[in-house]
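# Breakdown of the fold
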Amino acid sequence: MGMKDKAGKTQGQAKQKMQEGRPQAQQTQQRGQQAAQHTQERGQQAQERGRQAQERGRQMTERGRQNMDDTEQEMQDRFDQDYDA
């Protein structure tokens, strides 16, 4: 076998391996894109849960203020009743 034949055979094998590797490379790229999209979705879900938790915290704080206001009003009413009598 001459050098040209050997070089041509090697080149043909290399081209064949490249063609065989393309589908695998495309699958790997797709998996990477899917993973990135999944990660982005998870991040968005986490942000939404964070917003919801913040809102619940605000609501709890507001309820606490309302309860304090109610308690102060009840104490004032009781004081007024006790000393009006």
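Scope of this entry: the structure provided in the associated data block. (Residues numbered from 1 in each chain as written. Predicted model: local features only at pLDDT ≥ 70, side-chain atom pairs only at ≥ 80, totals over all residues. Heavy atoms only, no water.)

### Some words on the overall build of the protein chain
Secondary structure summary: the protein chain contains 1 helix and 0 strands in total. For a compact globule of 85 residues, the expected C-alpha radius of gyration is about 12 Å, and the protein chain comes in at 36 Å, more than 25% above that figure. Based on the C-alpha atoms only, the size of the protein chain along its principal axes is roughly 125 × 15 × 10 Å. In the protein chain, 15 positive and 14 negative side-chain charges are present, and the distance between their average locations comes to 35 Å. (Helix = DSSP H or I, 4+ residues; strand = E, 2+ residues; numbered from the N terminus. Rg over C-alpha atoms; globule rule 2.2 N^0.38 Å. Lys, Arg positive; Asp, Glu negative; His and termini not counted. Charge placed at Lys NZ, Arg CZ, Asp CG, Glu CD.)

### A word on a negative patch on the surface
On the surface, a cluster of negative charge is contributed by Asp69, Asp70, Glu72, Glu74, Asp77, Asp80 and Asp84. Positionally, Asp77 belongs in helix α1 (residues 3–84). Asp77 gets classed as partly exposed once you look at its relative accessible area, which sits at 35%. (Patch = residues over 30% accessible without salt bridge, like charges linked within 9 Å, V, L, I, M, F, W, Y side chains within 5 Å. Areas by Shrake-Rupley, 256 points an atom, 1.4 Å probe, with all protein chains shown as cover. Salt bridge = Lys/Arg side-chain N within 4 Å of Asp/Glu carboxyl O. Buried < 20%, exposed > 50% of the residue type's maximum accessible area, 1.4 Å probe, protein only.)

### Focus on the pattern of salt bridges
When charged atoms on two side chains of opposite charge get close, those side chains can pair. In total, this model carries 3 salt bridges according to the counting rule given. Among the ionic pairs, Arg51 bridges to Glu48, the shortest N-O distance being 2.7 Å. Within this pair, Arg51 and its partner Glu48 are both found in helix α1, separated by 3 residues, close to a single helical turn. Here Glu55 ties to Arg58 by a salt bridge, and the two come within 3.2 Å at their closest N and O atoms. Placement of the pair is Glu55 and Arg58 together in helix α1, with a separation of 3 residues, close to one helical turn. With a relative accessible area of 49%, Arg58 lands in the partly exposed category.

### What to know about the environment of Gln29
Looking at the element boundaries, Gln29 is found in helix α1. In this structure, the C-alpha to C-alpha distance between Gln29 and Arg63, residues 34 residues apart in sequence, is 51 Å.

Honestly, it's all geometry; don't read function into it.
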